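Geometric and topological summary
Spelled out from the first residue to the last, the chains are:
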Amino acid sequence: MKRSFIDSDLEGFENLSQKTGVVFIDENENVVEKLKDLSLGEEVTGTQYKITLPNTDSNNGDDTTDRWGIYKVILYTMNDDTLDDWTVSVEFTAGTKTTAQSNEGFTKISCMAKTGGETSTGSRNFYCPSRTAANVLSIAGTSDAVKLAEVVIVGAAWNKYKCDKGYYNTGTGFHASSGQDCQICSDGYHNDQFGQQECTPCLNPQKNVYYTNDFAHKSEAKCQVCDGYTVANAVQDACEACPAGKEYQKTCAVFDPNDKAVIDACTSIACSPCLAGQFRAADAAVSDSCQDCAANQYSSSEADKCEDCPKHKYSDPGSATCTDCSGKTYEDVKTTDVPVLEGQGKLEQLFKCFRDTDKACAETTVESVYGTYDPEWAKVGENKTFDCQYDCDNDTEKGCKLKAVFSCQENAQGVPSFKKMYYCIKTNTTKDYEEIIKATNKTTVEKAKDFKKLSEETNSKNGLGDLEQAANLIDVIVKETTEEVNETVMGNIVEGVSNILDGDLGTDNSKKSDILNSVVGNLTKITSTSTNDNKLVTSKHIAAVKVTGSGSTGTPASGTMTFSLPSDNSDLTNLNKTETGDAKTDTVLMVTAQESGKAKDVAIVIFQKSQLFPDSTVLVPDPVSMKEKTKEKTKDGTKADRVVNSLIVEVSALESSSSDKDFSLGFYMKPIANVGARNYSVIAHSDGTKSQLQNRCHSFNTDKGVWEEDCQTVYDQNDPDSKVLCLCKHNTSFAVLMSPYEIDPGYLESQTLMSMVIMSLAIICLVLTIAFLLPAAPLRKQRSTKINICFSFSLLLATLLFLLQNALVKSDNSGVLKLGSTGCIVFAALQHYLWLVVFLWMVVEGVLMYLSLVQVFGSHISKYMLKFNLLCWGVPIFFPIIGYFAFTKTETVGDYSVVTSDYIADNMCFLKPGSLPFWIFFFLPLILVLLVNVVFFVLVFRVIKDSKSVQASERELILVSTKV
């Protein structure tokens, strides 16, 4: 059945189809009037129609309008067929697009049926996008489309077209072709009606949770609701948490912070200021309420933090003001405040009164793995001593000798505080470890399992006494087990000890060193008895491996074991062992054990922490900051502590060595922190001295409890990434320690201004000497002149190189010649050679003097200059070559090698002072030259003296003859 047009179809707009001047044209350019007569009396056969709207509004006094607001287009048919095959589009072809208009000019846009289509037949509404302006419409159908009977265009002239929902236009509520068009509601406002002159604000003082910001929200009947403990901001365009100093307060029958409907049902919601004596911090969670200020603090209302009470004042929790302490000195507080505040249970307030005297320490309960103690208060210089809680449980009658001492001392800033010194051993869990050891009904495997489990459960609560029991347990297992320790027992023991190391070992008990040494020794013993040959057992802080079968498949014939660890992880759980001697980027350790040139079976235990090796001069390693801290300490003139700068390795031969001379250990160790290149590691001090951060190999002396430098250290100090080789001759624990060592600045830095001036004058004099002698032909032919020229020339070259080094070589290795480089070696050898040439020409000068004045007859030497030149320039060339190659060797661990030389100095390009090559190839020749020349000088001096005696005798004979 056909559906007829009714006025309600216009939804408050006009039927533009019946406006005067509206033209309907079909695809044949024929005017079609039947589509707008509302009679639905006859169908039209066409399928393409163009509708042109007029530029005046006949219903409003022929007002001029260049565009029409199109709300929708309704198509009608004569029967019940659907209109699925028809489309509607509109276009704006005149004027300029206004700010509120949604469509661009000369662009067709489609008007669509509502989402999902319409189920009714006989007619269909095609809704145009909101705020669509047009003056041309197009209606098109397919060849199979049903025939149209009527077209109704719903809209109005643009100036009479109502503003859309979410829009407004002050004074009219309509669009405008010129001037102010409709505007979107501002943030915090909404409007769900057409043609409004203003929007409604979201503000609601009782429930400040309403807001709008997206256009979709502004066209709805209600504003959006803030959830998650937030409220609307001042302009209602967003939600925000309550600011610092305020809390989220609500009055609701039920409340769910994530249900907007529940929040909307609340009676009131607001951010309320915190009361005086309370605060709410800026970083508090959105749901956090105001909190009471702690004791000895106060606040005003709406505070984001509490202030500390001034000196000599205190307060109770949640206070808005502070109260004066009765006394301002230690004695006064003890006399007046203690009876009052202690009686009221206000210990925190009392402690503050004590601390404010600046002469007292005050601290409430102190908890540690060695017990819980209440030192309360003490005057500076006084001690509070307590029996060790767990060591003295069964020792009350005899009087406990182990104490926990709290000494009131001033720190570096002059602030008094308790220095805690525990001379205790046992912790609350020590007795549990003792029970595991004493258990007679459990096997070794069960004991080791229980030990690991207990250490995991207690972890940071462990202490020295628990470590002592770990040593005892290992000792029992090693002694009582008739067979070798299996892999399971070994793994549980290693992990258990590692867990205990996470506890507090900071006790000052005299037995501490013995206990720690026992742990290390027993770990080595159990590793030696393990059946877990050549398999690495790892844990967080400890790893162990028994290396056997040297030369077989289990380990390389060289006896080198390689350990690698990811660079971003210091946890030994990830430590890997490989059976090659390849040094890769993640290699942290290589160990080579040999006896008489053959690989030796050893037990290796690796430690990640140095607490087991107590040396008061050594810091616990901190890979991030220890290098900078060490440099800071040395710059201000104070002595720097040494720092453990590598993993610690305990190595023990499975069978005793025939002699230390035959036994050798080689370690490749990757420092935790590189000392850096020479220009970074060298530190200049205010007193003019210099020190250099260096890595040195050390072994731990268990008898003395100190790290001793008794291994050979080999590494390239000019390479910032150089690894360290440690070459040792005995079993023990080894590590690389980093510390600043005072260094010889090198002779080039010791060249004073005076020496520079003297050397420069010498060069000038030598140049002048050569310049004067060379042009004088008669003089140049003399033997002594030729030798003087050669001597002056060699001395000139040696002196020039000496001064040139100052420009080419820098102590921080920033010069043209890099220390230790091939160029530096050649430069040093050349200097060495030239000075030896100078020494030999000095000998030739002495020989010439001797021949000229002593051995006058028979002093002729054929081709003497050729012979002297061959001697002076030829013989010295062998000394630098022999000195370098004879005293340069390559030290190797695995495939990692470092070249070491006793010939070249570390901090200059010259012979190493004090080395054997220096004494043999430089100092000894100099002494010999001086001795030879002294002998010649004595002989010549005697000849001169004898000649003077002869001349005197001759004069006397002449006088006698004259008298006669």
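As a reminder, the structure under discussion sits directly above these lines.
Quick summary incoming for the structure in this document. What you see is a predicted model, and the numbers here were worked out from it, not measured in a lab. (Residues numbered from 1 in each chain as written. Predicted model: local features only at pLDDT ≥ 70, side-chain atom pairs only at ≥ 80, totals over all residues. Heavy atoms only, no water.)

Focus: the overall build of the protein chain
To keep it simple, the criterion reads: The way it works is that DSSP assigns letters per residue, a run of H or I at least four long becomes a helix, a run of E at least two long becomes a strand, and they are numbered from the N terminus. The rule is simple: take the accessible area with a 1.4 Å probe, protein chains only, and divide by the maximum for that residue type; under 20% is buried, over 50% is exposed, in between is partly exposed. Residue contacts are counted whenever heavy atoms from the two residues lie within 4.5 Å of one another. Surface accessibility follows the Shrake-Rupley procedure with a 1.4 Å probe radius. Residue values consider only the protein chains on display as shielding.
When helices and strands are tallied, the protein chain shows 18 helices and 54 strands. Expressed as a percentage of the 964 residues in the protein chain, the buried residues total 46%. Within the protein chain, contacts between residues at least 6 apart in sequence are counted, and of these 66% link residues at least 24 apart. Accessible area for the protein chain stands at about 47,000 Å²; split by element, carbon and sulfur atoms hold 53% of it.

Side note on the pattern of salt bridges
Just so we agree on the cut-off: The working definition used for a salt bridge is a side-chain nitrogen of Lys or Arg within 4 Å of a carboxyl oxygen of Asp or Glu.
With the rule as written, the count across this model stands at 31 salt bridges. When the shortest N-O distance is used, the salt bridge between Asp-187 and Lys-218 registers 2.7 Å. One end of the pair, Asp-187, is in the loop between strand E14 (183–184) and strand E15 (189–190); the other, Lys-218, is in helix H1 (residues 215–218), and 31 residues separate them in sequence. Through salt bridges that share partners, Glu-14, Lys-19 and Asp-57 make up one connected network.

What about the sheet that holds strand E8 (residues 109–111)?
Note the following rule: Any two strands with at least two DSSP bridges between them are considered paired. Helix axes use the C-alpha atoms of the stretch in contact, all axes being lines fitted to C-alpha atoms, and the angles between their N-to-C directions lie in the range 0 to 180 degrees.
The strand order across the open sheet formed by 5 strands is E2-E3-E11-E7-E8, and the pairing between neighbours is antiparallel. Here the strands that pair on one side only, and so sit at the sheet edges, are strand E2 (23–26) and E8. Sheet twist, expressed as the average angle between the axes of neighbouring strands with direction ignored, equals 25°. In terms of strand pairing, strand E7 (residues 86–91) meets strand E11 (residues 136–141) through 6 bridges, oriented antiparallel. Paired with Trp-86 across the strands is Gly-141, a residue of E11.

Observations concerning the packing of aromatic side chains
Just so we agree on the cut-off: Working definition: a ring pair exists when centres of Phe, Tyr or Trp rings (six-membered ring for Trp) sit within 6.5 Å. Plane angles under 30 degrees give stacked, over 60 give edge-to-face, the rest tilted. Only Lys NZ and Arg CZ are tested; either one counts as a charge over a ring when it is within 6 Å of the ring centre and within 35 degrees of the ring normal.
Summed over all chains, the structure comprises 40 aromatic pairs. Look at Phe-406 and Phe-418: their rings are 6.3 Å apart centre to centre, the planes differ by 90°, and that puts the pair in the edge-to-face class. Of the two residues, Phe-406 sits in strand E34 (residues 403–410) while Phe-418 sits in strand E35 (residues 416–422), which places them 12 residues apart along the sequence. Here a set of aromatic residues connected by ring pairs shows up, and it is made of Phe-13, Tyr-71, Tyr-127, Trp-158, Tyr-161 and Phe-194. Between Lys-250 and the ring centre of Phe-255, over which it is positioned, the NZ or CZ distance is 4.7 Å.

Digging into the pairing of strand E37 (residues 542–547)
Judged by how many residues are buried, E37 sits mostly within the fold: 6 of 6 residues are covered. Burial along E37 is two-sided: Ile-542, Ala-544 and Lys-546 facing one way and Ala-543, Val-545 and Val-547 facing the other are all buried. Inspection of the sheet shows strand E36 (residues 537–538) paired to E37 by 2 bridges, in the antiparallel sense. Counterpart to Thr-538 in the pairing with E37 is Ala-543. The hairpin turn running from E36 into E37, its antiparallel successor, is 3 residues long. Where E37 lies against strand E42 (residues 602–607), 6 bridges are found, and the strand directions are antiparallel. Paired with Ala-544 across the bridge in E42 is Val-605.

Topic: the state of the cysteines
Cut-off, in case you're wondering: When two cysteine sulfur atoms lie within 2.5 Å, the pair is treated as a disulfide.
The tally for this structure, following the rule as stated, stands at 17 disulfides. There is a disulfide in this structure between Cys-388 and Cys-424, and the S-S distance comes to 2.0 Å. Disulfide Cys-388-Cys-424: the torsion about the S-S bond is -85°, which places it as left-handed. Taken together, the residues span a long stretch of sequence, with Cys-388 in the loop between strand E33 (383–387) and E34 and Cys-424 in the loop between E35 and helix H5 (430–438) at a distance of 36 residues. What makes Cys-388 buried here is its relative accessible area of 0%. Judged by its relative accessible area of 0%, Cys-424 falls in the buried class. The disulfide that involves Cys-824 links it to Cys-909, with 2.0 Å between the sulfurs. On the sign convention where negative is left-handed, the bridge of Cys-824 and Cys-909, at about -120° about the S-S bond, is left-handed. Pair noted here: Cys-824 is in helix H15 (residues 822–853) and Cys-909 is in the loop between strand E54 (896–901) and helix H18 (916–963), with a separation of 85 residues, a long-range link. Among the residues examined, Cys-909 registers a relative accessible area of 0% and is labelled buried.

Some words on the sheet that holds E35
With respect to topology, 3 strands assemble into an open sheet ordered E33-E34-E35, the strand pairing being antiparallel. If you trace the sheet from one side to the other, it starts and ends with E33 and E35, each paired once. Ignoring which end each strand starts from, the neighbouring axes of this sheet average 20° apart. Bridge count for E34 against E35 is 7 bridges, and the pairing is antiparallel. If you follow Phe-406 over to E35, its bridge partner there is Lys-420.

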